[in-house]
Protein chains: 2
Amino acid sequence: MKLLLVEDHDELANNISGYLAKEGYVVETVLGQQRAISKLTGFDYDVVLLDLMLPDGSGMDVLEYIKSHYPDIGVLIISAKNALDDKVKGLELGADDYLPKPFHLSELNARVKAIYRRRQMSGHSKMVFNEITIDTVTIEVVVCDTTLDLTRKEYELLLFLLVNKNRVLTKQSIAEHLWGDYMDAMDSFDFVYQHIKNLRKKITAAGGKDYIQTMYGSGYKFNSNL
Amino acid sequence: MKLLLVEDHDELANNISGYLAKEGYVVETVLGQQRAISKLTGFDYDVVLLDLMLPDGSGMDVLEYIKSHYPDIGVLIISAKNALDDKVKGLELGADDYLPKPFHLSELNARVKAIYRRRQMSGHSKMVFNEITIDTVTIEVVVCDTTLDLTRKEYELLLFLLVNKNRVLTKQSIAEHLWGDYMDAMDSFDFVYQHIKNLRKKITAAGGKDYIQTMYGSGYKFNSNL
DNA sequence: AATTAACTTCAAAATCTCTTCAAAAAGCGA
DNA sequence: TCGCTTTTTGAAGAGATTTTGAAGTTAATT
């Protein structure tokens, strides 16, 4: 399951995304409204966690945008503004739920799950692709009947690749997605490759095909047509 | 035993939850109906204490929701509305008991216990998993014919792990479920590990397998496939 | 052939788990 | 209530694993 967290408060954003990542989600974070909207194009998020207090606008605009352009994406509003007004307006504009701060992270998790379930996108915790099965609840990856012993980054990388299968992902975008921080374009991102390599090795060692294709000069993609 | 208190009156909620916590329950409190429903997903409460006078709805909806989605959870209605109507309707909808305000806290305690006992009687009071047997009525855990001498936290931890077996539980979520208080994401949660350790030791000392698996970087899970 | 990117290898750095020990809190009997 | 025992929590550090960085080699593209 893929989430987009729109939150201007840096530390809080890290906490939330860290927690949710551990719970098995693929989480991306953006700070402002502008970036949020541009993030949406092309990627397929399941749920957007939207803080209403954004520096460059009320956040309500983002909600409106999402609901008009991507009606399939669920929206959970999180906000310190406990004003009833916002809640009413938010739900009126099509938000799926409203969670006032402060909140338990587990409650956030429960609500995200609830939204997802409600939207009935097969609700299951298992992603299956050919001989690869990923269970995001048990955090278990099975390839050809053998369970892979993946590290956290490897697991997240695989999830990210699969969610975006057949799409070329630059090392930069992989880095940004897995690490969350802003990354400078000149960085080498060579460390990303380490994980690619390890992942490949583990998948093929278990008998899986070498789905991760390197696109010389542009990045990597999970090729489902092999 | 884990309770959910749904009560909009702040002071009263504090009194009740404070008292019940002292009596050894894990109590969580929510203020509104919406929050009550989302709290239920994924968590395993034993009894819900439900005030019918909620700000965002009659509370009866919550009851209906609980009974249709989580029939195993007991519901005790507490309400200032001493109207016979509500009592009848509540019990009709499947509430286990009805306690009009004002009431003695000790009576509340007695009723909660009664509900719990009644439900345990009628249902399965024993959870059995391989060589581990948990009797939730006598609070007794037997492993390979020897009774474990578990502390309260150890017992609850084991129960929580078993209920969620094969699911990866982060230290954070374990902490939130066993302690109930609001927890900050930056806390270390190292104390959770102490209990994990003690539990492991006691189970293996009695001849049980080491079911509690650490998932490096993610948390722990009770692995039933060993 | 020159250039750039991908890959390998190896090791340092960072992170996470686990151990140990002790303080704080809770429970208990007098 | 007081003092004692048990349980729970906290903190520092050892040990293990993962992640990152750096230097050098191979491969692809023009």
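Residues numbered from 1 in each chain as written. Chains lettered and ligands numbered in written order. Predicted model: local features only at pLDDT ≥ 70, side-chain atom pairs only at ≥ 80, totals over all residues.

1. Structural notes on the pairing of strand 6 (residues 126-129) of chain A
Residue and element names in this part refer to chain A. Summarising the sheet, strand 6 and strand 7 (residues 132-135) pair through 4 bridges and their orientation is antiparallel. From the neighbouring strand, Lys126 faces strand 7, where its bridge partner is Asp135. In sequence, strand 6 turns back onto strand 7 through a hairpin of 2 residues, with Asn130 there showing a positive phi of about 45°. (Pairing = 2+ DSSP bridges. Helix = DSSP H or I, 4+ residues; strand = E, 2+ residues; numbered from the N terminus.)

2. What to know about the protein's contact with DNA strand C
Residues in contact with DNA strand C amount to 13 residues; listed here are only the nearest, Lys197 and Thr214 of chain A together with Lys197, Thr214 and Gly217 of chain B. Where the surface near DNA strand C is concerned, the elements lending two or more residues are helix 8 (190-205) of chain A together with helix 8 (190-205) of chain B. Counted by class, the surface near DNA strand C contains 4 nonpolar, 5 polar and 4 charged residues. (Near = placed C-beta within 6 Å. Nonpolar A, V, L, I, M, F, W, Y, C, P; charged D, E, K, R; others polar.)

3. Focus on the confidence of the model for chain A
Per-residue confidence for chain A averages 81 on the pLDDT scale, and 82% of its residues sit at or above 70. When the criterion is pLDDT under 50, residues 120-124 of chain A qualifies, and its contacts beyond four places in sequence or with other chains add up to 4 contacts. (pLDDT = per-residue confidence, 0-100. Contact = placed C-beta atoms within 7 Å.)

4. Regarding the interface of chain B and chain A
By a frequent convention, interface size equals the accessible area lost on bringing the separate parts together. Each partner contributes to the interface: chain B provides 18 residues, whereas chain A provides 19 residues. Listing elements by their share of the side of chain B that touches chain A, those giving two or more residues are helix 2 (33-40) and helix 7 (171-179) of chain B. Examining the composition of the side of chain B that touches chain A, we find that 3 residues originate from one element, helix 7 of chain B, more than from any other.

5. Quick notes on the protein's contact with DNA strand D
Contacts to DNA strand D come from 18 residues, most closely from Thr151 and Lys153 of chain A together with Thr151, Lys153 and Gln194 of chain B. When contributions to the surface near DNA strand D are tallied by element, the ones reaching two or more residues are helix 6 (152-163) and helix 8 of chain A together with helix 6 (152-163) and helix 8 of chain B.

6. Quick look at helix 2 (residues 33-40) of chain A
Listed as buried for helix 2 of chain A are Gln33, Ala36 and Leu40 of chain A. Along helix 2 of chain A, the residues classed as buried sweep out an arc of 55° about the axis, all on the same side. (Buried ≥ 20, exposed ≤ 12 C-beta atoms within 10 Å, placed from the backbone. Arc of directions from axis to C-beta.)

7. Some words on the environment of Val192 of chain B
All names here are of chain B. Among the structural elements, Val192 can be located in helix 8. A count of 23 C-beta atoms within 10 Å places Val192 in the buried class. The sequence separation of Val192 and Leu157 amounts to 35 residues, and the corresponding C-alpha distance is 9.1 Å. Not counting chain neighbours up to four residues away, the residues in contact with Val192 comprise Lys171, Ile174 and Ala175.

8. Structural notes on the sheet that holds strand 1 (residues 2-6) of chain A
Residues and elements named next belong to chain A. What the 5 strands build is an open sheet, ordered 2-1-3-4-5; its pairing is parallel. Taken across any chain shown, the strands that pair with only one partner, and hence form the sheet edges, are strand 2 (26-30) and strand 5 (97-100). Within the sheet, the average angular offset between the axes of one strand and its neighbour, ignoring direction, is 20°. Two strands pair when backbone bridges link them, and strand 4 (residues 74-79) and strand 5 are joined in this way by 4 bridges, in the parallel orientation. When the bridges of strand 5 are listed, Ser79 appears paired with Pro100. (Axes fitted to C-alpha atoms, helices over the stretch in contact; angles between N-to-C directions.)

9. Considering helix 7 of chain B
The complete set of buried residues in helix 7 of chain B reads Gln172, Ser173, Ile174, Glu176 and His177 of chain B. Phi turns positive, to about 80°, at Gly180 of chain B, one or two residues after helix 7 of chain B.

10. Some thoughts on the environment of Ser17 of chain B
Residue and element names in this part refer to chain B. Relative to the assigned elements, Ser17 resides in helix 1 (residues 10-22). As for Ser17 and Leu4, which are separated by 13 residues in sequence, their C-alpha atoms are 9.2 Å apart. Setting aside anything within four residues of it in sequence, one finds Ser17 in contact with Leu5, Val27 and Thr29.

11. Digging into the nonpolar core
In terms of nonpolar packing, the biggest core is built from 73 residues, with Leu3, Val48, Leu50 and Leu76 of chain A touching the most fellow members. Of the residues forming this core, the biggest block, 5 residues, is contributed by helix 6 of chain A. Other than its neighbours up to four places away in sequence, Leu3 of chain A contacts Leu20, Tyr25, Val26, Val27, Tyr45, Asp46, Val47, Leu49 and Val112 of chain A. Counting residues in each nonpolar core, the second largest holds 30 residues, with Leu5, Leu20, Val48 and Ala95 of chain B among its members. (Core = buried A, V, L, I, M, F, W, Y, C linked by C-beta atoms within 7 Å.)

12. Re the pairing of strand 11 (residues 219-222) of chain A
All names here are of chain A. Burial along strand 11 is one-sided: Tyr220 and Phe222 are buried, and none of Gly219 and Lys221, which face the opposite way, are. Note: strand 10 (residues 212-215) against strand 11, 4 bridges, orientation antiparallel. The residue bridging Thr214 from the neighbouring strand is Tyr220, located in strand 11. Where strand 10 folds back on strand 11, the antiparallel hairpin that results is connected by 3 residues, among which Gly217 adopts a positive phi of roughly 90°.

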